[in-house]
Amino acid sequence: MAIDISAEYLTVEQAAEYLGTGVRFIRRIVAERRVVFYKVGNYVRFKRADLEAFAQAGRVEPIEVHWIGGRAA
């Protein structure tokens, strides 16, 4: 019985597509150890949940601006 792990683990190219970035960016954040990744022999793999956590860590909440007399207060 073969196990299909392709749905759970992504390649560098798939991770770049998932995050909407280039492969170079993915390789850089791996080199800087800014994202969780898994080494399988010589290959680097990512779990979707780890990529989502990386994206959420960079989330910036919007601020509420109040305008008074044409100026932000």
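Residues numbered from 1 in each chain as written. Predicted model: local features only at pLDDT ≥ 70, side-chain atom pairs only at ≥ 80, totals over all residues. Heavy atoms only, no water.

## Points about the sheet that holds strand 3 (residues 43-47)
Strand pairing in a sheet takes place through backbone hydrogen bonds and is either antiparallel or parallel in direction.
And then number 1: As summarised here, the arrangement of the three strands in space is 1-3-2, forming an open sheet in which the pairing is antiparallel. Where the open sheet ends on each side, the last strands, each with one partner, are strand 1 (9-10) and strand 2 (38-40).
And then number 2: Against the sheet, helix 3 (residues 48-57) makes contact with strand 1, strand 2 and strand 3, and its axis sits at roughly 70° relative to strand 3, the strand it touches most. (Pairing = 2+ DSSP bridges. Helix = DSSP H or I, 4+ residues; strand = E, 2+ residues; numbered from the N terminus. Contact = heavy atoms within 4.5 Å. Axes fitted to C-alpha atoms, helices over the stretch in contact; angles between N-to-C directions.)

## Overview of the pairing of strand 3
And then number 1: Alternating positions in strand 3 separate cleanly, Val 44 and Phe 46 being buried on one face and Tyr 43, Arg 45 and Lys 47 remaining unburied on the opposite face.
And then number 2: The pairing of strand 1 with strand 3 spans two bridges and is antiparallel. When the sheet's bridge partners are listed, Tyr 9 is paired in strand 3 with Lys 47.
And then number 3: With three bridges joining them, strand 2 and strand 3 adopt antiparallel strand pairing. Bridge pairing in strand 3 links Lys 39 to Val 44.
And then number 4: Here strand 2 folds back onto strand 3 in antiparallel fashion, the turn holding two residues, of which Gly 41 has a positive phi close to 65°. (Buried < 20%, exposed > 50% of the residue type's maximum accessible area, 1.4 Å probe, protein only.)

## Notes on the confidence of the model for the protein chain
For residues with low pLDDT, the predicted coordinates do not support detailed interpretation.
And then number 1: Looking at the protein chain, pLDDT values average 90 and 90% of them are 70 or higher.
And then number 2: Here strand 5 (residues 71-72) stands out as the least confident element of the protein chain, with mean pLDDT 82; helix 2 (residues 23-31) is the most confident, with 98. (pLDDT = per-residue confidence, 0-100.)

## Things to note about the packing of aromatic side chains
And then number 1: A complete count under the given rule lists two aromatic pairs for this structure.
And then number 2: A centroid spacing of 5.7 Å and a plane angle of 90° characterise the contact between Tyr 9 and Tyr 38, whose relative ring orientation is edge-to-face. Of the two residues, Tyr 9 sits in strand 1 while Tyr 38 sits in strand 2, which places them 29 residues apart along the sequence.
And then number 3: Given the relative accessible area of 24%, Tyr 9 is considered partly exposed.
And then number 4: Ring centres of Phe 25 and Phe 54 lie 6.5 Å apart, and the angle between their planes is 50°; this geometry places the pair in the tilted category. Placement of Phe 25 in helix 2 and of Phe 54 in helix 3 is noted, with a sequence separation of 29 residues between them.
And then number 5: Assessed through its relative accessible area of 24%, Phe 25 is described here as partly exposed. (Phe/Tyr/Trp six-rings, centres within 6.5 Å; stacked < 30°, edge-to-face > 60°.)

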